[in-house]
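Residue-level structural notes
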Amino acid sequence: MTGSTPSPSAAPARRSRRRTAGAVAVLVAAAVTAAFALTLDDSGDRNEKAGEPAAVTGSADPAPADESLSALARREASDPLAVGPADAPVVLIEYSDFQCPFCGQFARTTEPELLRSYVEKGILRIEWRNFPIFGEESERAALAGWAAGQQQKFWEFHEVAYGKPRERNTGEFDAEHLVAMAREAGVADIERFQGDLASDRARDAVLKDQQEGYHLGVTSTPAFLVNGRPILGAQPTDTFKSAVEKAAQAAKTAKAAGR
């Protein structure tokens, strides 16, 4: 029997599949751990569709770090959807939906503390990934956030959008409200904002983030990676602080060892 010679790309492809499988396994482990603290939408909404993704919250311990997940950090200095130095020792990647109540909870309670304690000190970088899961308004809000970022106002838009709890899929993220949010966020050129929002570039950018999340097995928001350590749901602030500090110490140790 004549054997076939593998193509040059076969081995890298197999390694890629193994890394992906490992990454998904880590996220699944995190989800199982967090499931013990599963809590439904705190708004008490009884109109949720069966099977619709729900965020988790509680005090579940984070899953172990995974190097293949750490490699997802883009570390692009010009990324308008990121805050903190590109060479920060710790990167927190956040997969979120502007209509997710637990994402809003994280934005209003935990994120300000992380900004004060770690981002401003150069220890932490936060990279946002658009992961709209609640339908058309979520997708429109994601596009609007990206469009605001084109005028360096993403984080101001983020602050306005999450500034208060909002009812999901009730028109709070329709075209008129998004323009009002952009104005409040300080977006100067509204005509450009509207054009960017409707552009293929915006849709491609949001799709890229979504595909990255789905590729990893993310199914609910918010979901986080802290130097490759998955954290699912709006966990207590101390959970994030502990993860950041452990990651910073590990990075320091690795640097001292020349790794």
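Residues numbered from 1 in each chain as written. Predicted model: local features only at pLDDT ≥ 70, side-chain atom pairs only at ≥ 80, totals over all residues. Heavy atoms only, no water.

**Description of the environment of Glu-120**
Definition in use: Numbering of helices and strands starts at the N terminus; helices are DSSP runs of H or I of at least 4 residues and strands are runs of E of at least 2. Any residue under 20% of the maximum accessible area for its type is buried, any over 50% is exposed, and the rest in between are partly exposed; the area is computed with a 1.4 Å probe on protein chains only.
Note on placement: Glu-120 falls in the loop between helix H3 (101–119) and strand S3 (124–130). When its relative accessible area of 62% is taken as the criterion, Glu-120 is described as exposed. With 37 residues separating them along the chain, Glu-120 and Val-83 place their C-alpha atoms 9.4 Å apart.

**Focus on the confidence of the model for the protein chain**
Condition: Residue-level confidence of the predictor is what pLDDT reports, using numbers from 0 through 100. Whether two residues are in contact is decided by their heavy atoms, any of which lying within 4.5 Å being enough.
Taken over all residues, the pLDDT of the protein chain has a mean of 83, while the share at 70 or more is 75%. Counting contacts from residues 12–16, a segment whose pLDDT is below 50, to residues more than four positions away or on other chains yields zero contacts.

**Some words on the sheet that holds S3**
Heads up, the condition is: Whether two strands pair depends on DSSP finding at least two bridges between them. Between the N-to-C directions of two axes lies an angle of 0 to 180 degrees, each axis being a line fitted to C-alpha atoms and, for a helix, fitted only over the stretch in contact.
Ordered in space as S1-S3-S2-S4-S5, the five strands form an open sheet in which the pairing is mixed. Since the sheet does not close on itself, it has two edges, and those belong to strand S1 (82–83) and strand S5 (229–232), each with one partner. Note: strand S4 (residues 223–226) against S5, four bridges, orientation antiparallel. Each residue of the ladder has a partner; that of Leu-225, found in S5, is Pro-230. H3 contacts S1, strand S2 (90–96), S3 and S4 of the sheet and is inclined by roughly 155 degrees relative to S3.

**A look at the pattern of salt bridges**
Formally: Salt bridge, as used here: a side-chain nitrogen of Lys or Arg that lies within 4 Å of a carboxyl oxygen of Asp or Glu.
In the structure shown here, the tally under the stated rule is ten salt bridges. Notably, a salt bridge pairs Glu-127 with Arg-125, separated by 2.9 Å at the nearest N-O pair. Each member of the pair, Glu-127 as well as Arg-125, is classed as buried. Of the charged contacts, one joins Arg-166 and Glu-172 as a salt bridge, the two residues approaching to 3.3 Å between their closest N and O atoms.

**With respect to the nonpolar core**
Cut-off, in case you're wondering: By nonpolar core we mean a set of buried residues, namely Ala, Val, Leu, Ile, Met, Phe, Trp, Tyr and Cys, connected to one another through side-chain atoms within 4.5 Å.
Among the nonpolar cores identified, the biggest contains 62 residues, and Leu-92, Phe-98, Leu-124, Phe-157, Leu-178, Phe-193 and Val-226 are the most heavily contacted of them. Sequence-distant contacts of Leu-124, that is, excluding residues within four places in its chain, are made with Val-83, Gly-84, Pro-85, Ala-88, Val-90, Val-91, Leu-92, Leu-114, Tyr-118, Val-119 and Val-244.

**What to know about unusual backbone geometry**
Geometrically, the link from Thr-221 to Pro-222 is a cis peptide bond, its omega value of -5 degrees lying close to zero. Along the polypeptide, Pro-222 turns up in the loop between helix H8 (200–216) and S4. If you check the backbone angles, Arg-75 has positive phi at about 50 degrees while not being a glycine. With respect to the helices and strands, the residue Arg-75 is situated in the loop between helix H2 (67–70) and S1. Residue class for Arg-75 comes out partly exposed when judged on its relative accessible area of 34%.

**Quick word on the pairing of S2**
The criterion, for reference: With its strands directed away from the observer, a crossover is right-handed exactly when the path from the first strand over the helix to the second travels clockwise.
Burial analysis of S2 places seven of its seven residues in the buried class, which makes it a mostly covered element. As a crossover connection, the stretch from S2 through H3 into S3 is right-handed. Looking at chain direction, S2 and S4 are connected through four bridges and run antiparallel. Considered in S4, the bridge of Glu-94 is made with Phe-224.

**Observations regarding the packing of aromatic side chains**
Going by this rule: Two rings belonging to Phe, Tyr or Trp (six-membered ring only in the last case) form a pair when the distance between their centres is within 6.5 Å. Interplanar angles under 30 degrees mark stacking, angles over 60 mark edge-to-face geometry, and anything in between is tilted. In our convention, an over-ring charge means Lys NZ or Arg CZ found within 6 Å of a ring centre and within 35 degrees of that ring's normal.
Using the criterion set out here, one finds twelve aromatic pairs in the structure. Geometrically, the ring pair formed by Tyr-95 and Phe-131 is edge-to-face, given 6.3 Å between the ring centres and 85 degrees between the ring planes. Of this pair, Tyr-95 sits in strand S2 while Phe-131 sits in the loop between S3 and helix H4 (136–149); the two residues are 36 residues apart in sequence, bridging distant segments of the chain. Seen from their ring centres, Phe-106 and Phe-224 are 4.6 Å apart, and the 45 degrees between their planes marks the pair as tilted. With a gap of 118 residues between them, Phe-106 in helix H3 and Phe-224 in strand S4 connect regions that are remote in the sequence. Chaining the aromatic ring pairs together yields one cluster made of Phe-98, Trp-128, Phe-154, Trp-155, Phe-157 and Tyr-162. Residue placement shows Arg-168 over the ring face of Phe-134; its charged tip is 3.9 Å from the ring centre.

**A look at the packing of H4 against H8**
Selection criterion: Orientation labels follow simple angle bins: below 35 degrees gives roughly parallel, above 145 gives roughly antiparallel, 65 to 115 gives roughly perpendicular, and whatever is left gives oblique. By convention the crossing between two helices is left-handed if the near helix lies anticlockwise of the far one by an angle smaller than a right angle, and right-handed if it lies clockwise.
For the pair H4 and H8, interaxial distance at closest approach is 9 Å and the crossing angle is 110 degrees. In this view, H4 runs roughly perpendicular relative to H8, as classed from their interaxial angle. When the axes of H4 and H8 are compared, the crossing they make is right-handed. For the pair formed by H4 and H8, the contact residues are Ala-142, Leu-143 and Trp-146 on the first element and Arg-201, Ala-202, Arg-203, Ala-205 and Val-206 on the second.

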